Amino acid sequence: MGNADFVYPPSTSDRREQCTHRVAIPPAQPFFMSFKNSLKETFFPDDPLRQFKNKTPSRKLILGLQYLFPILEWAPRYSFQFLKSDLISGITIASLAIPQGISYAKLANLPPILGLYSSFIPPLVYAMMGSSRDLAVGTVAVASLLTASMLGKEVNAAEHPTLYLHLAFTATFFAGLLQASLGLLRLGFIVDFLSHATIVGFMSGAATVVILQQLKGILGLDHFTKSTDIISVFHSVFSQTHEWRWESGVLGVGFLFFLLVTRYFSKRRPKLFWISAMAPLTSVILGSLLVYLTHAEKHGVQIIGNLKKGLNPLSFGDLVFTTPYMATALKTGMVTGIIALAEGIAVGRSFAMFKHYNIDGNKEMIAIGSMNIVGSCFSCYITTGPFSRSAVNFNAGCKTAMSNVIMAVAVMFTLLFLTPLFHYTPLVVLSAIIISAMLGLIDYDAAIHLWNVDKFDFFVCMGAYIGVIFASVEVGLVIAVAISVLRLLLFVARPRTFLLGNLPNSTVYRNIEQYPDANNVHGVLILKIDAPIYFANSSYLRERITRWIDEEEDKLKSTGETSLQYVILDMTAVGNIDTSGISMLEEVKKTTDRREIKLVLANPGAEVMKKLNKAKFLENIGQEWVYLTVGEAVDACNYKLHTGKPVESQPCNNV
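The structure presented is a predicted model; accordingly, all values stated were derived computationally and were not measured.

## Quick notes on the UniProt feature "domain: STAS" (unreviewed entry) in the protein chain
Line of reasoning, step 1. Annotation from UniProt places "domain: STAS" (unreviewed entry) at residues 514-637.
Line of reasoning, step 2. Taken end to end, residues 514-637 comprises 51% helix and 15% strand; its first and last C-alpha atoms sit 24 Å apart.

## What to know about the pattern of salt bridges
Line of reasoning, step 1. In total, this model carries 10 salt bridges according to the counting rule given.
Line of reasoning, step 2. Put simply, Glu-587 and Arg-542 hold a salt bridge, and the shortest N to O gap is 3.3 Å. One end of the pair, Glu-587, is in helix α24 (residues 579-594); the other, Arg-542, is in helix α23 (residues 535-559), and 45 residues separate them in sequence.
Line of reasoning, step 3. A relative accessible area of 35% places Glu-587 in the partly exposed class.
Line of reasoning, step 4. Among the ionic contacts, a cluster of salt bridges with common partners joins Asp-454, Asp-457 and Arg-487.

## Topic: helix α9 (residues 161-184)
Line of reasoning, step 1. An ideal rise of 1.5 Å per residue puts 34 Å on 24 residues; α9 measures up with 35 Å between its terminal C-alpha atoms.
Line of reasoning, step 2. Within α9, 17 of the 24 residues are buried, leaving the element largely enclosed by the surrounding structure.
Line of reasoning, step 3. Arg-186, located one to two residues past α9, shows a positive phi value of around 60°.

## What to know about the pairing of strand β3 (residues 524-529)
Line of reasoning, step 1. With five of six residues buried, β3 lies mostly within the body of the structure.
Line of reasoning, step 2. For the crossover from β3 across α23 to strand β4 (residues 566-570), the handedness is right-handed.

## Here's the deal with the state of the cysteines
Line of reasoning, step 1. Inspection of the entire model under this criterion finds zero disulfides.
Line of reasoning, step 2. Between Cys-377, a free cysteine, and Cys-380, which holds the nearest cysteine sulfur, the sulfur-to-sulfur gap is 9.5 Å.

## Here's the deal with the nonpolar core
Note on soluble globular proteins: their nonpolar side chains tend to be buried together.
Line of reasoning, step 1. Membership of the largest hydrophobic core comes to 107 residues, with the highest contact counts inside it found for Ile-102, Leu-110, Leu-114, Phe-202, Tyr-381 and Met-438.
Line of reasoning, step 2. It is helix α19 (residues 427-439) that contributes the most residues to this core, 10 residues altogether.
Line of reasoning, step 3. What Tyr-381 contacts, discounting residues up to four positions off in sequence, is Tyr-104, Ala-105, Ala-108, Leu-110, Leu-114, Ser-118, Thr-139, Ser-144, Thr-172 and Asn-372.
Line of reasoning, step 4. Ranked by size, the runner-up nonpolar core spans 48 residues in total, among them Tyr-509, Trp-548, Ile-549 and Tyr-566.

## Digging into the pairing of β4
Consecutive side chains of a regular strand alternate in pointing toward one face of the sheet and then the other.
Line of reasoning, step 1. Summarising burial for β4: five of the five residues are buried, a large majority.
Line of reasoning, step 2. Judged by which residues are buried, β4 turns out to be covered on both faces: Tyr-566, Ile-568 and Asp-570 on one side and Val-567 and Leu-569 on the other are all buried.
Line of reasoning, step 3. As paired strands, β3 and β4 are joined by five bridges and run parallel to one another. The residue of β4 that forms the bridge with Lys-528 is Asp-570.
Line of reasoning, step 4. Across five bridges, the pairing between β4 and strand β5 (residues 598-602) is parallel. Note that in β5 the partner of Val-567 across the bridge is Leu-599.
Line of reasoning, step 5. Between the parallel elements β4 and β5, the chain passes through α24 in a crossover that is right-handed.

## Notes on a nonpolar patch on the surface
Line of reasoning, step 1. A surface patch of nonpolar side chains, amounting to about 510 Å² of accessible area, comprises Leu-61, Leu-65, Leu-68, Phe-69, Leu-72 and Met-128.
Line of reasoning, step 2. For the nonpolar patch, the element with the most residues is helix α3 (residues 57-68), which contributes three residues.
Line of reasoning, step 3. By the secondary structure assignment, Leu-61 is in helix α3.
Line of reasoning, step 4. Overall, Leu-61 belongs to the exposed group, its relative accessible area being 56%.

## Side note on the sheet that holds β3
Line of reasoning, step 1. The six strands are arranged β2-β1-β3-β4-β5-β6 in an open sheet whose pairing can be described as mixed. Unpaired on one side and paired on the other, β2 (509-511) and β6 (626-627) mark the two borders of the sheet.
Line of reasoning, step 2. Contacts between α23 and the sheet are confined to β1 (497-502), β3 and β4, with β3 contributing the most and set at about 155° to the helix.
Line of reasoning, step 3. Along the sheet, helix α27 (residues 630-643) contacts β2, β3, β4, β5 and β6; its crossing angle with β4, the most-contacted strand, is approximately 170°.

## Topic: the packing of helix α10 (residues 196-213) against helix α22 (residues 473-493)
When two helices pack together, you describe them by how their axes are tilted relative to each other and by the distance separating the axes.
Line of reasoning, step 1. Where α10 meets α22, the axes come as close as 10 Å, and the angle between the chain directions of the two elements is 170°. As judged from the angle between their axes, α10 and α22 are roughly antiparallel. Across the interface between the two elements, Thr-198, Phe-202 and Val-209 of α10 pack against Val-473, Gly-476, Leu-477, Ala-480, Val-481 and Ser-484 of α22.
Line of reasoning, step 2. When grouped by side-chain class, the residues that make up the contact of α10 with α22 number six nonpolar, three polar and no charged.

## Some words on α19
Line of reasoning, step 1. Taking 1.5 Å per residue as the helical rise, α19 with its 13 residues ought to reach 18 Å, and the 19 Å between its terminal C-alpha atoms agrees with that figure.
Line of reasoning, step 2. Of all 13 residues that make up α19, 12 are buried, and the element is covered over most of its length.
Line of reasoning, step 3. Of all the residues in α19, the buried ones are Leu-427, Val-428, Val-429, Leu-430, Ser-431, Ala-432, Ile-433, Ile-434, Ile-435, Ser-436, Ala-437 and Met-438.
Line of reasoning, step 4. Turning to α19, the residues buried within the fold contact α5 (80-107), α8 (141-152), α10, α11 (215-219), α13 (246-268) and α14 (273-294).

## Quick look at the side chain of Thr-332
Line of reasoning, step 1. Counting through the fold element by element, Thr-332 comes out in helix α15 (residues 325-354).
Line of reasoning, step 2. Within the structure, the side chain of Thr-332 is placed 2.8 Å from the backbone oxygen of Thr-328, a separation counted as a polar contact.
Line of reasoning, step 3. Ignoring anything within four residues of it in the chain, the contact list for Thr-332 reads Thr-147, Met-150, Leu-151, Ala-171 and Gly-337.

## Here we look at unusual backbone geometry
Line of reasoning, step 1. Backbone torsion omega between Thr-323 and Pro-324 reads 0°, so that peptide bond is classified as cis.
Line of reasoning, step 2. Within the element layout of this structure, Pro-324 appears in the loop between α14 and α15.
Line of reasoning, step 3. Despite not being glycine, Arg-186 has its phi angle at roughly 60°, a positive value.
Line of reasoning, step 4. Looking at the element boundaries, Arg-186 is found in the loop between α9 and α10.
Line of reasoning, step 5. We classify Arg-186 as buried; its relative accessible area is 7%.
Line of reasoning, step 6. A positive phi is found at Asn-505, a non-glycine position, where the angle reads about 60°.
Line of reasoning, step 7. Position of Asn-505 among the secondary structure elements: in the loop between β1 and β2.

Here is what the cut-offs are and how they apply
- Residues numbered from 1 in each chain as written.
- Predicted model: local features only at pLDDT ≥ 70, side-chain atom pairs only at ≥ 80, totals over all residues.
- Heavy atoms only, no water.
- UniProt positions renumbered as here; feature names shortened; annotations may be inferred.
- Helix = DSSP H or I, 4+ residues; strand = E, 2+ residues; numbered from the N terminus.
- Salt bridge = Lys/Arg side-chain N within 4 Å of Asp/Glu carboxyl O.
- Buried < 20%, exposed > 50% of the residue type's maximum accessible area, 1.4 Å probe, protein only.
- Expected span 1.5 Å × (residues − 1).
- Right-handed = clockwise from strand over helix to strand, strands pointing away.
- Disulfide = S-S within 2.5 Å.
- Core = buried A, V, L, I, M, F, W, Y, C linked by side-chain atoms within 4.5 Å.
- Contact = heavy atoms within 4.5 Å.
- Pairing = 2+ DSSP bridges.
- Patch = residues over 30% accessible without salt bridge, like charges linked within 9 Å, V, L, I, M, F, W, Y side chains within 5 Å.
- Areas by Shrake-Rupley, 256 points an atom, 1.4 Å probe, with all protein chains shown as cover.
- Axes fitted to C-alpha atoms, helices over the stretch in contact; angles between N-to-C directions.
- Parallel < 35°, antiparallel > 145°, perpendicular 65-115°, else oblique.
- Nonpolar A, V, L, I, M, F, W, Y, C, P; charged D, E, K, R; others polar.
- Polar contact = N/O pair within 3.5 Å; in protein donor to acceptor, adjacent residues only side chain to side chain.

Here it is as structure tokens:
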């Protein structure tokens with residue numbers, strides 16, 4: 001601790017003659033004004049309307065359109081230099097998007113062509129409405145797996161492919177509706193209930209499940225379990241050892257090795273990022289050539305088959321709004337929508353931080369929701385901003401969201417002219433591509449970091465991970481959210497209280513556990529409450545404060561020192577209090593009065609003072625026992641102990 005942290009006290013006689021600042025009670029505000037300010041802080045902490053102040057109506061209209069469509073803001077300043085960078089980035093991520101799109105569509109039990117459809121329309125919508133320069137839009141493995149798992153429980157994709165397809169579109173529509181609504185209603189903070197530890201555990205668990213599901217393709221199995229838990233998967237794999245096809249296994253392991261080696265070199269030399277980015281498409285081309293030349297499809301190697309040429313067909317008329325299937329689509333859409341939203345915003349914020357610009361979370365929700373609503377009407381299933389694709393976009397040097405437009409144009413060209421070339425693409429290559437991508441989502445380093453920093457966060461992470469791999473993705477998600485909410489409730493319901501002591505040669509009071517050299521003040525117990533006081537924690541705080549008093553009295557009796565005379569509550573960290581909290585203070589006051597101990601408050605905030613005043617608690621305790629700092633409160637208590645007289649405060653003149 002540096003010398004600047006110490007404030008050396010004046011002599012006792014000087015202190016008595018100094019003026020004392022009273023803790024002010026803020027002026028009363030009309031209820032409507034107070035309610036309006038609370039709403040503003042809750043839903044508009046970033047004050048998005050600030051840019052519209054003192055502007056002409058025409059300027060407000062332009063700013064409003066630019067807010068909804070950021071492309072109107074950056075497009076007029078777009079330069080040829082930006083185009084060169086975005087062109088390279090767009091073509092690079094297209095080479096990754098095409099094989100990944102086909103792979104993830106298969107993972108969702110949807111026709112492979114939908115993966116290409118979903119890499120065409122949604123990126124165009126996001127380029128107009130998104131605020132991130134680096135987010136590369138497309139399908140993701142976890143949302144694809146959730147779609148297959150949740151819809152598959154109600155409808156068998158093999159027996160009723162058309163109904164399953166229509167439900168996937170409907171789920172995407174509901175997901176987009178939820179995402180856009182959260183943004184429009186400024187409810188983005190709901191996504192924050194998924195803590196970092198929860199997301200690490202859930203995403204790692206989901207990635208593990210996705211990898212296990214790819215054993216079907218790697219081993220060339222025709223029949224596979226519909227369950228996603230690890231026990232069912234292993235049972236399905238090892239009960240069919242006679243069905244394993246060595247040809248598929250060799251191809252799968254070979255291409256997976258190739259993909260992992262390219263990723264290793266790209267990580268070692270970031271300038272060679274394009275090697276890893278091009279590896280999936282290279283694998284598809286090499287795999288297709290190998291199958292075509294060796295006729296491996298006749299020897300047990302499964303292939304994609306025919307892919308329909310042409311652009312996205314309209315699917316608005318295919319949305320299912322009738323019972324009993326609408327409930328399934330709604331539930332699937334809500335779950336996949338929240339997961340896709342959390343991933344997209346987290347990825348966007350991460351890369352925005354690297355480039356030193358900000359993105360509006362609520363605006364991103366509107367953009368992601370809009371692209372899914374529009375996409376559901378054009379034969380697309382749920383999309384967001386996957387990390388792997390966005391990382392390639394970032395490393396390729398993208399400058400604006402135009403890279404998404406260029407990627408979409410490349411996918412459009414593929415849909416119009418190149419889809420027949422994917423006829424001989426082996427499914428085992430798609431499985432290898434998915435496994436390679438998913439290995440990057442299992443974040444060992446983050447888990448180790450959680451263990452080193454916060455053991456509870458580590459157990460939250462592992463709870464989510466174990467729930468996903470041993471139960472199901474949906475159960476794992478529920479466990480993840482439940483653990484996050486439980487941790488939040490524990491923070492609120494069990495706030496920390498600290499015993500404060502005086503640092504030598506100063507008027508500074510700090511936690512004696514953190515500063516062992518801090519001295520106790522004889523006859524005075526100084527406690528700090530480290531959270532707002534609400535109904536959820538008021539009973540706990542009453543019991544904890546009483547216990548502190550009991551322990552201090554027992555300690556003083558055992559040493560034969562002066563009995564406890566004062567209890568000072570440092571309320572610096574108490575930002576707010578409700579009626580239950582005020583009742584708790586009143587009960588503590590009665591307890592201290594019965595024991596002939598004086599209760600003293602130090603530095604209550606404006607909101608707390610306002611409510612204590614309205615509840616008449618200040619009259620009850622006596623405003624002369626409410627002090628601006630712990631130091632002033634201790635001085636007053638010491639003065640009273642030594643003289644038997646209360647401190648006569650002399651108000652300072654306002655400067």
